[in-house]
Amino acid sequence: MEHSVQNQRMSDNELRKAIRTLQQRADDARKSGAEDDATRIERTVADYRDEMSQRL
């Protein structure tokens, strides 16, 4: 699965930043009791990590 920003492929640095940011948001959601939101965000994080691993 390839994620894009404005129809362009994210750079490695952009992808890493997105992973960090989304993981932090998932952690915050979980702390505030929003389990469903945290789960959805973590699915996206997993997709991004998978994409990053395919690049390496």
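Attention in this report is confined to the structure presented alongside it. These numbers were taken from a predicted model, which means no experiment stands behind them. (Residues numbered from 1 in each chain as written. Predicted model: local features only at pLDDT ≥ 70, side-chain atom pairs only at ≥ 80, totals over all residues. Heavy atoms only, no water.)

**Some points on helix H1 (residues 12-31)**
With 20 residues, H1 extends 29 Å between its outermost C-alpha atoms, agreeing within 8% with the 28 Å of an ideal straight helix rising 1.5 Å per residue. For H1, the set of buried residues is Leu 15, Ala 18, Ile 19, Leu 22, Gln 23, Ala 26 and Ala 29. Along the axis of H1, the buried positions cluster into a sector of 130°, meaning they face one direction only. Looking at H1, the residues exposed on the side facing more than 90 degrees away from the buried face are Asn 13, Lys 17, Arg 20, Gln 24 and Lys 31. Packing partners of the buried residues in H1 comprise helix H2 (35-55). Once H1 ends, the next one or two residues include Gly 33, with phi positive near 90°. (Helix = DSSP H or I, 4+ residues; strand = E, 2+ residues; numbered from the N terminus. Expected span 1.5 Å × (residues − 1). Buried < 20%, exposed > 50% of the residue type's maximum accessible area, 1.4 Å probe, protein only. Arc of directions from axis to C-beta. Contact = heavy atoms within 4.5 Å.)

**Concerning the environment of Arg 40**
The residue Arg 40 is located in helix H2 in this model. Judged by relative accessible area, which is 45%, Arg 40 ranks as partly exposed. The sequence separation of Arg 40 and Ala 26 amounts to 14 residues, and the corresponding C-alpha distance is 8.3 Å.

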